[in-house]
Amino acid sequence: MDQQPSQPADTENLVCSRCGTVADGRPPTWTCSVENGIRHYFCDTCARENIRAIEGRLDSAWW
């Protein structure tokens, strides 16, 4: 999947860096990953599907 550009933490609506889902506000269940100094946000679905890679600290390019 194409990755969406990451957004700063103060942005009202976050976009999942993996699937492009747009969140209304800042959902507490989304995952934030810092890769090469850039924050990437992942929706519940993408985070669940890739939890082992996330916990293994693999960059999202690997999954």
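Going by the structure above, here's the rest.
Please read all numbers here as calculations on a predicted model, not as lab measurements. (Residues numbered from 1 in each chain as written. Predicted model: local features only at pLDDT ≥ 70, side-chain atom pairs only at ≥ 80, totals over all residues. Heavy atoms only, no water.)

### Observations regarding the overall build of the protein
When you go through the protein residue by residue, the secondary structure sums to two helices and two strands. Start at the N end of the protein and walk to the C end: the helices and strands fall as β-β-α-α. Expressed as a percentage of contacts within the protein between residues at least 6 apart in sequence, the contacts between residues at least 24 apart total 30%. When the accessible surface of the protein is totalled, it reaches about 4,500 Å², and 47% of it is carbon and sulfur. (Helix = DSSP H or I, 4+ residues; strand = E, 2+ residues; numbered from the N terminus. Contact = heavy atoms within 4.5 Å. Areas by Shrake-Rupley, 256 points an atom, 1.4 Å probe, with all protein chains shown as cover.)

### Looking at the nonpolar core
In this structure, Leu14, Cys16, Ala23, Trp30, Tyr41, Phe42, Cys43 and Cys46 together form the largest nonpolar core, which totals eight residues. Residue contacts for Trp30: discarding those within four places in its chain leaves Leu14, Val15, Cys16, Thr21, Ala23, Tyr41, Phe42, Cys43 and Asp44. (Core = buried A, V, L, I, M, F, W, Y, C linked by side-chain atoms within 4.5 Å. Buried < 20%, exposed > 50% of the residue type's maximum accessible area, 1.4 Å probe, protein only.)

### Description of the pairing of strand β1 (residues 31–35)
By the bridge criterion, five bridges tie β1 to strand β2 (residues 38–42) in an arrangement that is antiparallel. Counterpart to Ser33 in the pairing with β2 is His40. The turn joining β1 and β2, which pair antiparallel and follow one another in sequence, is formed by two residues; a positive phi near 55° is taken by Asn36. (Pairing = 2+ DSSP bridges.)

### Details of unusual backbone geometry
Even without glycine at this site, Asn36 takes up a positive phi of about 55°. In this structure Asn36 comes out as exposed when scored by relative accessible area, which is 74%.

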